[in-house]
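Results of the structural survey
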Amino acid sequence: MSPVQSLNVALGARSYPIHIGPGLLADTPRWLPLIAGRHVLVVSDANVAPHYLARVQAALARHVHASLVLPAGEQEKTLQRFGEVMTALAQLGASRDATVIALGGGVIGDLSGFAAACWMRGIAFVQMPTTLLAMVDSSVGGKTAVDLPSGKNLVGAFHQPAAVIADTDTLATLPARELRAGLAEVVKYGALGDTVFFDWLAAHVDALLVGDTATISEAIARSCAHKAAIVARDETEQGERALLNFGHTFGHAIETEQGYGGLLHGEAVAVGMVLAARCSAALGLAPASDGERLVELLARFELPTAIPPGLSAEQLLARMRLDKKAVSGAIRLVLWHGIGQAFIAPDVPEHTMLAVLRDT
Ligand code: NAD
Ligand code: GLY
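Heads up: these notes are all about the structure in this document. The shown structure was predicted, so the numbers you read here are calculated from the model rather than taken from an experiment.

**Thoughts on the overall build of the protein chain**
- On a plain count of helices and strands, the protein chain comes out with 14 helices and eleven strands.
- Computed over C-alpha atoms, the radius of gyration of the protein chain comes to 20 Å, within 12% of the 21 Å expected from 2.2 N^0.38 for 360 residues, which places it in the range of a compact globule.
- Within the protein chain, buried positions represent 57% of all 360 residues.
- In the protein chain, once contacts between residues fewer than 6 apart in sequence are set aside, the share between residues at least 24 apart is 75%.
- On the protein chain, the mean spot of the 27 positive side-chain charges and the mean spot of the 34 negative ones are 6 Å from each other.

**Regarding the pairing of strand E5 (residues 99–104)**
- With six of six residues buried, E5 is to be regarded as a mostly interior element.
- Covered by surrounding structure in E5 are Thr 99, Ile 101 and Leu 103 together with Val 100, Ala 102 and Gly 104, the residues of both alternating faces.
- Bridge count for strand E3 (residues 39–45) against E5 is five bridges, and the pairing is parallel. Directly across from Val 40, in E5, lies its bridge partner Thr 99.
- Where E5 and strand E6 (residues 124–129) come together, six bridges link them in parallel fashion. Counterpart to Ile 101 in the pairing with E6 is Val 126.
- Running through helix H4 (residues 106–118), the crossover from E5 to the neighbouring parallel element E6 is right-handed.

**Details of the site of ligand 1**
- The environment of ligand 1 is formed by 27 residues, the closest being Asp 45, Glu 74, Gly 106, Thr 131 and Lys 152.
- Within the backbone of Lys 143, an N or O atom sits 2.9 Å from a nitrogen atom of ligand 1.
- The set of elements that each furnish at least two residues to the shell around ligand 1 consists of H4, helix H5 (132–138), strand E8 (151–158) and helix H6 (176–193).

**A word on the sheet that holds strand E1 (residues 5–9)**
- Spatially, the seven strands line up as an open sheet ordered E1-E2-E9-E6-E5-E3-E4, and their pairing is mixed. Lying at the two open borders of the sheet, with one neighbouring strand each, are E1 and strand E4 (64–70). Within the sheet, the average angular offset between the axes of one strand and its neighbour, ignoring direction, is 15°.
- Helix-sheet contacts for helix H3 (residues 79–92) involve E3, E4 and E5, and the interaxial angle to E4 is about 160°.
- Lying over the sheet, H4 contacts E3, E4, E5 and E6, oriented at roughly 170° with respect to E5.

**A word on the side chain of His 63**
- Following the sequence through the fold, His 63 ends up in the loop between helix H2 (49–59) and E4.
- Those residues within four positions of His 63 in sequence are excluded, and the remaining contacts are Leu 32, Ile 35, Gly 37, Arg 38 and Val 40.

**Brief notes about the site of ligand 2**
- Close to ligand 2 lie Asp 137, Lys 143, Lys 227, Glu 237, Arg 241, Leu 244 and Asn 245, which account for all nearby residues.
- Contact between ligand 2 and Arg 241: an oxygen atom at 2.7 Å from a side-chain N or O atom of the residue.
- Bound to the protein, ligand 2 loses 90% of the 200 Å² it would expose on its own.
- Classifying every residue of the shell around ligand 2 gives one nonpolar, one polar and five charged.

**Some thoughts on the packing of helix H7 (residues 195–203) against helix H12 (residues 288–300)**
- For the pair H7 and H12, the least separation of the axes is 10 Å and the interaxial angle reads 40°. Judged by the inter-axis angle, H7 sits oblique to H12. Our pair here, H7 against H12, has a crossing hand that is left-handed. Side by side, H7 and H12 meet where Phe 198, Asp 199, Leu 201 and Ala 202 of the first sit next to Arg 293, Leu 294, Leu 297 and Arg 300 of the second.
- For the contact of H7 with H12, the per-class residue count stands at five nonpolar, no polar and three charged.

**Looking at the packing of H7 against helix H9 (residues 213–233)**
- Two elements in contact, H7 and H9, have axes separated by 12 Å at closest approach and are oriented at 160°. Our classification of the angle between H7 and H9 gives roughly antiparallel. As H7 runs across H9, the sense of the crossing is left-handed. Contacts between H7 and H9 involve Val 196, Phe 197 and Trp 200 on the former and, on the latter, Thr 215, Glu 218, Ala 219, Arg 222 and Ser 223.
- Residue composition of the contact of H7 with H9, grouped by class: four nonpolar, two polar and two charged.

Quick notes on the rules
Residues numbered from 1 in each chain as written. Chains lettered and ligands numbered in written order. Predicted model: local features only at pLDDT ≥ 70, side-chain atom pairs only at ≥ 80, totals over all residues. Heavy atoms only, no water. Helix = DSSP H or I, 4+ residues; strand = E, 2+ residues; numbered from the N terminus. Rg over C-alpha atoms; globule rule 2.2 N^0.38 Å. Buried < 20%, exposed > 50% of the residue type's maximum accessible area, 1.4 Å probe, protein only. Contact = heavy atoms within 4.5 Å. Lys, Arg positive; Asp, Glu negative; His and termini not counted. Charge placed at Lys NZ, Arg CZ, Asp CG, Glu CD. Pairing = 2+ DSSP bridges. Right-handed = clockwise from strand over helix to strand, strands pointing away. Near = heavy atom within 4 Å. Polar contact = N/O pair within 3.5 Å; in protein donor to acceptor, adjacent residues only side chain to side chain. Axes fitted to C-alpha atoms, helices over the stretch in contact; angles between N-to-C directions. Areas by Shrake-Rupley, 256 points an atom, 1.4 Å probe, with all protein chains shown as cover. Nonpolar A, V, L, I, M, F, W, Y, C, P; charged D, E, K, R; others polar. Parallel < 35°, antiparallel > 145°, perpendicular 65-115°, else oblique. Left-handed = near helix turned anticlockwise from the far one by under 90°.

Following this line, the structure appears as structure tokens:
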């Protein structure tokens, strides 16, 4: 069997492939034909570029191309950095058939994708994710955005990539903490809709933590299959896609309160999932024991399961009111009836959220 697994995100004329496997950055026959025009801008960050940028640039010898290497981290997912991508596209003389390649984690993917969505009202982009989190989540589905000081991902657009090229060899240089943060988003797929996957993850904790290639590749492919199916049914989050935000309303509030410099996104999602499970139990909608099984699995992945000290429950709740799922100011949460059974709860009482925030 080829070590490369390929899936399709079925969106009619805008369908695209996800390729997952080793050596894909250098496997140019697989991705170069997907780049239609002459101009290519590769956007990466200062941690990723020294390892992988040259491989991508080498493939672009016949294109008019440039590279932009930004500082790394969530604090750089800003309108200012977005402006720098725009300037780089202008300097390249990028025409409407240009392509942006996002080489990096979810920060580079979200930022570059948003730039591609805006340049000349939309040009092509290719996702080359280099973190586990980006391979299993952010590179798939076309959500692009930058943060504002007042909230995560508040400025953005839906803009699907032309392809996702997930070279699993790049995970060799990913710091262990970042790998674990990605595992939180993997657990999310089991928690929200797949008990079999949840149990499979519990049975493979050790292999996943050490980055065993075959096990990690299977986890990526199973996660992408979940995401691709949901995105194909609900591209712009009119309903079911919101389930992918299990734990995110709480998690985003924590990230924003910490000024994007505290917990990593995946870590904040881990805490957020625990909070969502506890809210569900407090409302009598789910057994508390399922929440405790979730805590146990996250802890085995060495992920945080409690709100970091120093954050106020009231402030977190205020942040949650600015979440994109809120309707007319009312917070909508993704809750669950237990492992594998997430649902959208439109009217969770604020006093319940506050009590759970105070106790976690
Ligand atoms: P990230 O992009 O900040 O990458 C994490 C860190 O790892 C960075 O320091 C980066 O430089 C470094 N890094 C990346 N790849 C590396 C490699 N192979 N070797 C060494 N270092 C490497 O963070 P992330 O966790 O990938 O993504 C988080 C972002 O994704 C958040 O902004 C979040 O909001 C977003 N997100 C978006 C979606 C979506 O659907 N668009 C979904 C989930 C998360
Ligand atoms: N990460 C949530 C989504 O893509 O919808």
